[in-house]
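Close look at the chain arrangement
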Amino acid sequence: MSLSRRNLLGLEGVSAEEITTILDTAESLKEISYRPIRKVPTLRGKTIVHFFYEASTRTRTSFELAAKRLSGDTVSLSASTSSLTKGETLIDTAKNLLAMSPDCIVMRHSQSGAPHLLAKHIPISIINAGDGAHEHPSQGLLDMLTIRQAKGHLDGLKVSIIGDITHSRVARSDLIGLTTMGSEVTFYGPRTLIPPAADTLGAKVATCMEEAVEDADVIIMLRVQQERLTDVLFPTLREYAQRFGLGMKQMRAAKKDVVVMHPGPINRGVEMSPEVADGPWSLILDQVANGVAVRMALLYLLIGPEAA
Amino acid sequence: MSAPRPILLKGGRLLCPASGLDKKGDLLLAKGRVEAVGSKIDPPKSAKVIDCSGKVVAPGFIDLHVHLREPGQEYKETIASGTAAAAAGGFTAVCCMPNTDPVNDSAAVTEQILERAAKAGSARVYPVGAITPGLAGKALTQMAELKDAGCVAVSDDGHPVSDSRLLRRAMEYASGFDIPVVCHSEEKSLSAGGAMHEGPTSTRLGLPGIPAQAEVIAVERDLALAGLTGARVHICHISCAGSVEALRRAKEAGWAVSGETAPHYLALCDEDVGEYDTHRKMNPPLRSAADREAVRRGLAEGIIDAVATDHAPHSVLEKELEFGLAAFGVTGLETALGIILELVNEGLMSLSQAIERLTASPARILGLPGGSLAKGGPADVCVFDPAAPWVVEPEAMLSMSKNTAFAGRTLPGRAVLTIRGGKVTHQAKE
Ligand SMILES: [Zn+2]
């Protein structure tokens, strides 16, 4: 299996066939994580730079684990150690990175489009590990893998994504990926956190929590960024939890076989009550495990022995 | 300086919307003035005769809104390079906004600009003074002194006066000296943090949006204050339908108001930001396709009086960045005519109407000389070929900065000869 692309900047423009290839590859690589020796030599001699301009221990750890299980060499560069703080531009930094001749840059950045800028200037594989409020494609893929494992398929499913849609790169990548695969996606959240023209992205927008929950096969709750409170996007965490949180009351109205997901880390009691997060519906830990598998698949397909 | 040789422009299509002239003929320029206009003029002995057959001979264009970056940011543009770019685009006069460093909020800065402009010489430079010292929006500048020093208007372009009471006072005070107030209309509390027009494209790209209402609310306020004070008020860079509508109503009310738009709002829309193209990032931002249509119609109908470029040069240091961090603004002097000719070719307006928006209309708005080919007026002329397509190549431009929104676009025609005060300031290479 192979992909006919060098970069993964987002799920926009990625075909259903490509997504299936990535998910199937992740599925077949997943078992490596359960072997006594969790390592294969696939990426021996390859160097992967983890360039995180914005802190994210979880995503970086997941990518690093993925690279190591495939025997790739990794270098980590974070905002504080990079020269970005010294007035160097992103392109300067990228060219410096390039001089170390890596095979792939995994990049997290607070600005939307930053990996696109990098891709225009340097000729190696770039994986977007989250850019501003734009996309987080590997998260979208791991969510799809988790759903596919739970439901057996992705087409025809109803997926509700609830919370801060406007600022969520996860919501965008989930939406794009899932609709490409034939799912129907509904957004719900405070009106201040639903982007203008959300419908033009291909999502339905629910008018109340009940509507968002009722028919859903999958509910994905998004993390509340506490600093949004100071932006006056919603009045209090208390009201947020009451109106936009997922608790037992909502779960009773949901379908029997509904599954619940969250990109983590959860604000317990805000977007999700502990009973829901730890209940039988929850796929949150599967998401974490699938994260490593999906990232192994991406590295394998983009810079592995059979990569284009 | 010796007086330039007389120039006889022969056999062109003389097009002067100000005087209603549109016919084939000759134009004689001497002693910095238009000496004669006629169907056939015999050249005086010393005259330089230039064949203009197949070309349009129009008044030199007047740009109400440019940023020359001098003093303070000479690495982006200087008065010399900016006026050279103006001449290349067919402009013989430009009004430069006061957001320089230092800000043009005193006679000393105005005089410095005029001195350098006199040396550079490629275009007439009309400084616009600040409304408030340092563009800080706190107090009034000495507008009467600014006018005496040579400012043709006042504006806090880029930093809209948010205090409505202060803006009212500014309009009242300025109108006492017949100084036009030029408004950058933007409600900052709505636009703050935004990087592009708020709509489907900003949502897709995950970029913070600037709703059209951030402009409309401010335009409505600024026009309402024009009605209250009776001041001459000019609205800058109109980009959306709501502003056109507001201006239409204010004009119907009989207020002394006018408005301009820029070529990029006529030719592009928010979708053209594409994959984070920072050369499509400006303020106000490129709006929706429907807004673009409304602005085009507003210009054709004359509700929007003029096309100004809002020429805003930025170096790669400000543009080769993440979209959210890149500076707002694009260059425009060298591509404006081409974009206007596209509109003419599309049948939106006649060539005469189009040229009026670049000549007579801006001259009238700020009471500037020129904008006409009338006998006795300044010998400011643009000769252009409306049917000589060319491809926009940033590297070939005369502006020091290459941040054009139209790189690679084929434009239908361009200026081939620009004359300011009877002297050639630009001649296209054949
Ligand atoms: Zn402005």
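All figures in this text were calculated on a predicted structure; none of them were measured in a lab.

Analysis parameters
- Residues numbered from 1 in each chain as written.
- Chains lettered and ligands numbered in written order.
- Predicted model: local features only at pLDDT ≥ 70, side-chain atom pairs only at ≥ 80, totals over all residues.
- Heavy atoms only, no water.
- Helix = DSSP H or I, 4+ residues; strand = E, 2+ residues; numbered from the N terminus.
- Contact = heavy atoms within 4.5 Å.
- Areas by Shrake-Rupley, 256 points an atom, 1.4 Å probe, with all protein chains shown as cover.
- Lys, Arg positive; Asp, Glu negative; His and termini not counted.
- Charge placed at Lys NZ, Arg CZ, Asp CG, Glu CD.
- Buried < 20%, exposed > 50% of the residue type's maximum accessible area, 1.4 Å probe, protein only.
- Phe/Tyr/Trp six-rings, centres within 6.5 Å; stacked < 30°, edge-to-face > 60°.
- Donors = N, O, S within 2.8 Å, 3.2 Å for Na, K, Ca; no water.
- Pairing = 2+ DSSP bridges.
- Right-handed = clockwise from strand over helix to strand, strands pointing away.
- Patch = residues over 30% accessible without salt bridge, like charges linked within 9 Å, V, L, I, M, F, W, Y side chains within 5 Å.
- Salt bridge = Lys/Arg side-chain N within 4 Å of Asp/Glu carboxyl O.

Looking only at helices and strands, one finds 14 helices and 20 strands in chain B. Along the three orthogonal principal directions, the C-alpha set of chain B runs to about 65 × 45 × 45 Å. Pairs at least 24 apart in sequence give 75% of the contacts found in chain B among residues at least 6 apart. Counting every atom, chain B has about 15400 Å² of accessible surface; 52% of that belongs to carbon and sulfur. Of the side chains in chain B, 44 bear a positive and 51 a negative charge, and the two mean positions are spaced by 7 Å.

In an α-helix, one full turn covers 3.6 residues, which means residues spaced three or four apart are oriented alike. All names here are of chain B. With eight of ten residues buried, helix α1 (residues 79-88) is to be regarded as a mostly interior element. The secondary structure elements touched by the buried residues of α1 are β7 (91-96), α2 (107-120), β8 (124-129), β19 (414-420) and β20 (423-427). Once α1 finishes, G90 follows within two positions and takes phi at roughly 95 degrees, a positive value.

If you walk through the whole model with that rule in mind, you get six aromatic pairs over all chains. Seen in terms of ring centroids, Y188 of chain A and F244 of chain A are 5.6 Å apart; in terms of plane orientation they differ by 40 degrees. Their pairing is tilted. Note that Y188 of chain A is positioned in strand β6 (residues 184-188) and F244 of chain A in helix α8 (residues 237-244), a separation of 56 residues in sequence. Where F61 of chain B meets F384 of chain B, the ring centres are 6.3 Å apart and the plane angle is 55 degrees; that geometry is what we call tilted. A residue pair is termed long-range when its members are at least 10 positions apart, and F61 of chain B in strand β6 (residues 61-66) and F384 of chain B in strand β16 (residues 381-385) qualify at 323 residues.

Time to look at the coordination of the zinc ion. Residue and element names in this part refer to chain B. Listed as protein donors to the zinc ion are D157 (OD), H184 (ND1) and H237 (NE2); their distances from the metal cover 1.9 to 2.3 Å. Linear spacing of the donor residues for the zinc ion on their chain is D-x26-H-x52-H. On the criterion of sequence distance, the pair formed by H184 in the loop between β10 (181-183) and α5 (188-191) and H237 in the loop between β13 (233-235) and α8 (241-252) is long-range, its members being 53 residues apart. Take H184 and H237: they sit in the same class, and that class is buried.

Residues and elements named next belong to chain B. Here β6 lies mainly inside the structure; six of its six residues are buried. One ladder, built from four bridges, connects β6 with β7; its direction is parallel. From the neighbouring strand, D63 faces β7, where its bridge partner is V94. Viewed along the sheet, the connection from β6 through α1 into β7 turns out right-handed.

A contiguous patch of negative charge, built from E210, E211, E214 and D215 of chain A, is present on the exposed surface. For E211 of chain A, the position within the fold is in helix α7 (residues 209-214).

Bear in mind that shape data such as this cannot, by itself, settle questions of function.
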